Amino acid sequence: MTGSRDQGPLDATDRRLVVATQDGLPLCPRPYHALAEALGLPPEEVMARLRRMLETGIIRRIGAVPNHYRLGFRANGMSVWDVADAAVGELGPRIGALDFVSHCYRRPRHLPVWPYNLFAMVHGRSRAEVEEKVGEIAQLLGPAARAHDVLYSTRLLKKTGLRLVA
Amino acid sequence: MDAKDRQIINALQGGFPVSETPFAEAAARLHMTEDDLIARLRRLCDEGHLSRFGPMYNAERLGGAVTLAALAVPDERIEAVAAQVNAHPEIAHNYARAHDFSMWFVVAAEQPEQIPAVLADIAAETGLPVYDMPKLEEYYVGLRFEL
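Caption draft 1: Just the sheet that holds strand E5 (residues 131-132) of chain B, in detail. An order of E5(B)-E2(B)-E4(B)-E3(B)-E5(A)-E2(A)-E4(A)-E3(A)-E6(B) is seen for the 9 strands of this open sheet, with the pairing classed as antiparallel. What marks the edges here is a single partner per strand, and that holds for E5 and strand E6 (137-141) of chain B. Examined bridge by bridge, strand E3 (residues 101-106) of chain A and strand E4 (residues 118-124) of chain A share 5 bridges and lie antiparallel to one another. Bridge pairing in E4(A) links Arg106(A) to Leu118(A).

Caption draft 2: Quick peek at the side chain of Asn58(B). Note on placement: Asn58(B) falls in the loop between strand E1 (50-57) and strand E2 (65-71). The class for Asn58(B) is buried, based on a relative accessible area of 9%. Setting aside chain neighbours within four positions, we find Asn58(B) in contact with Gly57(A), Ile58(A) and Arg60(A).

Caption draft 3: Structural detail: the domain arrangement of chain A. According to the domain assignment, chain A consists of domain 1 (12-55) and domain 2 (75-152). Domain 1 of chain A and domain 2 of chain A are separated by 37 Å when their C-alpha centres are compared.

Caption draft 4: Layout of the domain arrangement of chain B. Each assigned domain of chain B is listed with its residue range as follows: domain 1 (3-46) and domain 2 (65-132). Averaged C-alpha coordinates put domain 1 of chain B and domain 2 of chain B at centres separated by 38 Å.

Caption draft 5: Highlighting the interface of chain B and chain A. Every contact between the two is made by 82 residues of chain B and, on the other side, 87 residues of chain A. Where chain B abuts chain A, roughly 7900 Å² becomes buried across the two surfaces, and 59% of that area is made up of carbon and sulfur atoms. If you sort the residues of chain B by the area they bury against chain A, Val18(B), Arg61(B) and Tyr139(B) come out on top, with a joint share of 11%. For the pair chain B and chain A, the interface holds 5 salt bridges. A salt bridge links Glu137(B) to Arg106(A), with the nearest nitrogen and oxygen atoms 2.9 Å apart. Per element, the largest residue contribution to the side of chain B that touches chain A is 8 residues, and it comes from E1(B). Its residues placed into classes, the side of chain B that touches chain A shows 47 nonpolar, 19 polar and 16 charged. For strand E1 (residues 59-66) of chain A and E1(B), the ladder comprises 7 bridges, and the chain directions are antiparallel. Looking at E1(B), one finds that Gly63(A) is bridged to Gly54(B).

What counts, and at which threshold
- Residues numbered from 1 in each chain as written.
- Chains lettered and ligands numbered in written order.
- Predicted model: local features only at pLDDT ≥ 70, side-chain atom pairs only at ≥ 80, totals over all residues.
- Heavy atoms only, no water.
- Pairing = 2+ DSSP bridges.
- Helix = DSSP H or I, 4+ residues; strand = E, 2+ residues; numbered from the N terminus.
- Buried < 20%, exposed > 50% of the residue type's maximum accessible area, 1.4 Å probe, protein only.
- Contact = heavy atoms within 4.5 Å.
- Domains from an automatic or database assignment.
- Buried area = accessible area lost by both parts, 1.4 Å probe.
- Salt bridge = Lys/Arg side-chain N within 4 Å of Asp/Glu carboxyl O.
- Nonpolar A, V, L, I, M, F, W, Y, C, P; charged D, E, K, R; others polar.

Right, here's the structure in full:
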């Protein structure tokens, strides 16, 4: 659960760049130049730092971040699976590769109350659509999945995301 | 939203260029003008179809730590427990889910040692066992909505 430290912490300039972009890029023809001007940095340096953060995985991707609920994907099912430890390393990436799975992780069991070790988040326009997709996962996992459940979200109680402060 | 908006959302969930005129490059690939693309993205953000347009950061690679934790909250205590949990600034998301394990929240902190401290506080404040479910392996993270 601890963060990867192999890249070292961000330097002060990276940090300013993260703070300046975590709510989005300026929507103008030369967004990196606009950022550079706001931060008092050369545009080339802003672009080089962003490219480096992309290469090292600090930035997962740059683009449109959809609001799935607003886009009509109202059903959000967290499917959880009890998959044999020997098989989960091979099966997990195959579940993650399904185009309707937005997040896929192996997590610890809490026996006896929580036997599930594979989590795959499935979004759909309705619960019926989510159930159909969960059926596809079940088929793919086959007998390696000893049990599963789907936890539908009923309410968003808080959403802020990790925030760096200036 | 029209077909062009959907095309933009489908095509631009990643891969936006880091260059002098990235909107012009992205627009050319979508067979539209730079002005049209920028105007549409502004509108999609303003109307809430997009949460934002820009970099998606990996919280852990920023030097912080993240975990997912669950609580089995009795129905009648959901509101009160949500208030106790959400009062911690480290709580990034919190969802109620239809299950005995009825509350699921993500704890994100800049200092990894804050995470067990927050979980211990929540256990003490609510009197409920906190089930810590940090990711052990990541198989995929992303949102690839096809509209």
